[in-house]
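# Descriptive analysis of the structure
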Amino acid sequence: MSTEISPAPAAQPRENDGIVRSDWTLAQARALHELPLFELIDRARSVHLNQHPDNEVQLCTLLSVKTGGCPEDCSYCPQSSHHQAVKGEKMMSVEEVLDAARRSKEQGATRFCMGAAWREVSDNPAFDRVIEMVKGVKALGLESCVTLGMLNEHQAQRLAEAGLDAYNHNLDTSRDFYKSIISTRQFDQRLNTLNNVRNAGITVCSGGIIGMGESIDDRCTMLVELAKLEKHPESVPVNALVRVEGTPLADLPPIDPMELVRMIAVARLMMPEAKVRLSAGRSELSREAQLMCMYAGANSIFYGDKLLTTPNPEENEDADLIRAAGLKPQAPVPGEKKEAASAAE
Ligand code: SAM
Ligand code: DTB
Ligand code: SF4
């Protein structure tokens, strides 16, 4: 990890916490990040309780509908064809996906997220199939989300017409560090896709990964990029790198869980209204570390024993954790609160 440290100025006064604004600077983000841990957590908790007083955790299931063989060279990703980490598979059928969505609804999931190992969306039968998947997931009464790589305005519009609720497209890291992680696309292309998603009226899910060798400034700069968007993303996934054998980042050291807590707390302070998702990396976290992330502002998790290609905690472990902490799973759709709550009991 690079060790450069920018001077940490005084953090903004506590009275200003919770104001939703898009003029964040790196110095301000960094000042929050540098606060003594308990002060940072206290402040993030207070904003969290104001904005999200319901004690709910959103449960999102992930399904890889097209795995591996991706032409991009993202160093962290097992699905890139530049690494020999996973085998490419053919795309799942609409029925297979809807069966999985039904099962995840029975388990109490509120959102169903489908991922494809594509560089970008193409106007072809595979995209038509994704459109059918989105319609089917909506018809089941679940929130729908897809992550398909870059897309243009017209493609975003088609997804919106199919009823898509959210599009996941992560900035992943800072503009500067991005170049050392991916060479086959540019940071501005990510921003352009987010713009197309927003303009189509789909909610934006965008966050990043920590533990790839980036500096603290890189982490804070990424949060500033997200918080500077005219409208903040509705969801901000914070992933800890899953170090997969065969990928160039496989031998990096694991992150200290406290770094995840700080990142989540700063995200909560900078984007008070967003759902902050404690995303990849939970399998390596203790229950206590996960709860500290939730206390500091995380109110969404991936639920189900698999992420896209790597393991995630078992549903029953998560249900136990949520119950032990007195949290509630978020209701899938208005009026179905009881059903969701009992699924985690
Ligand atoms: N191909 C599309 C794209 O890149 O936007 C969608 C799928 S891609 C796998 C979605 C996100 O998963 C990436 O942006 C990255 O943040 C996350 N991801 C991939 N591999 C990861 C890993 N090993 N650890 C943590 N997060 C990872
Ligand atoms: C996100 O931010 N994290 C998810 C989801 N969005 C698509 C993906 C995590 C992938 C972890 C590595 C894998 O399972 O392949
Ligand atoms: Fe492809 Fe997405 Fe993985 Fe990059 S992160 S290699 S674009 S699947």
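Conventions and cut-offs
- Residues numbered from 1 in each chain as written.
- Chains lettered and ligands numbered in written order.
- Predicted model: local features only at pLDDT ≥ 70, side-chain atom pairs only at ≥ 80, totals over all residues.
- Heavy atoms only, no water.
- Buried < 20%, exposed > 50% of the residue type's maximum accessible area, 1.4 Å probe, protein only.
- Helix = DSSP H or I, 4+ residues; strand = E, 2+ residues; numbered from the N terminus.
- Pairing = 2+ DSSP bridges.
- Right-handed = clockwise from strand over helix to strand, strands pointing away.
- Contact = heavy atoms within 4.5 Å.
- Near = heavy atom within 4 Å.
- 1 Å grid on protein atoms, 1.4 Å probe; cavity = no way out; pocket = protein on both sides within 12 Å on 5 of 7 lines; lining within 4 Å.
- Sits in = over half its atoms within 2 Å of the grid points.
- Nonpolar A, V, L, I, M, F, W, Y, C, P; charged D, E, K, R; others polar.
- Axes fitted to C-alpha atoms, helices over the stretch in contact; angles between N-to-C directions.
- Parallel < 35°, antiparallel > 145°, perpendicular 65-115°, else oblique.
- Left-handed = near helix turned anticlockwise from the far one by under 90°.
- Polar contact = N/O pair within 3.5 Å; in protein donor to acceptor, adjacent residues only side chain to side chain.
- Areas by Shrake-Rupley, 256 points an atom, 1.4 Å probe, with all protein chains shown as cover.
- Points joined across faces, edges and corners; volume = space filled by probe spheres on them.

So, on to the pairing of strand S1 (residues 56-66). Burial runs high along S1: eleven of the eleven residues are buried. Bridge count for S1 against strand S10 (residues 328-329) is two bridges, and the pairing is parallel. Pairing of Val57 across the sheet is with Pro329, part of S10. Summarising the sheet, S1 and strand S2 (residues 111-116) pair through six bridges and their orientation is parallel. Along S2, the bridge assignment pairs Cys60 with Arg111. The β-α-β motif built from S1, the intervening helix H3 (residues 94-106) and the parallel element S2 has right-handed crossover chirality.

With that settled, the discussion passes to the environment of Gly18. Tracing the chain through its elements places Gly18 in the segment before helix H1 (26-33). On the accessibility criterion, Gly18 (25% relative accessible area) is partly exposed. Along the chain, Gly18 and Leu269 lie 251 residues apart, while their C-alpha atoms are 6.5 Å from each other. Those residues in contact with Gly18 that lie beyond four places of it in its chain are Val47, Gln51 and Pro272.

Take the site of ligand 3 next. Close to ligand 3 lie Cys70, Glu72, Cys74, Tyr76, Cys77, Ser80, Ala117, Trp118 and Arg185. Assessed atom by atom at 2 Å from the grid points, ligand 3 resides in the largest cavity. Its residues assigned to classes, the shell around ligand 3 comprises six nonpolar, one polar and two charged.

One way to put it is that helix H8 (residues 216-227) packs onto helix H9 (residues 257-270) with a least axis distance of 10 Å and a crossing angle of 25 degrees. One finds that H8 runs roughly parallel with respect to H9. Handedness of the H8/H9 crossing: right-handed. Seen from H8, the contacting residues are Arg219, Met222, Leu223, Val224 and Ala227; seen from H9, they are Glu259, Met263, Val266, Ala267 and Met270. For the contact of H8 with H9, the class distribution of residues is eight nonpolar, no polar and two charged.

Before going further, it helps to spend a moment on the site of ligand 2. By nearness alone, every residue bordering ligand 2 is listed as Leu62, Pro78, Thr147, Asn168, Asn170, Pro237, Asn239, Phe302, Leu307, Leu308, Thr309 and Thr310. At 3.3 Å from a nitrogen atom of ligand 2 is found a side-chain nitrogen or oxygen belonging to Asn168. Taken by itself ligand 2 offers 400 Å² of open surface, and the protein chains cover 88% of this. More than half of the atoms belonging to ligand 2 lie within 2 Å of the grid points that define the largest cavity.

Take empty space enclosed by the protein next. In this structure the tally under the stated criterion is one cavity of 30 Å³ or more. Of the voids in this model, the largest cavity is the one considered here, and its volume is about 830 Å³. Surrounding the largest cavity, 41 residues form its lining, Tyr76, Cys77, Gln79, Asn170 and Leu308 being those nearest its centre. No other element matches S2, which puts four residues into the lining of the largest cavity. Partitioning the lining of the largest cavity into residue classes produces 23 nonpolar, twelve polar and six charged.

Honestly, it's all geometry; don't read function into it.
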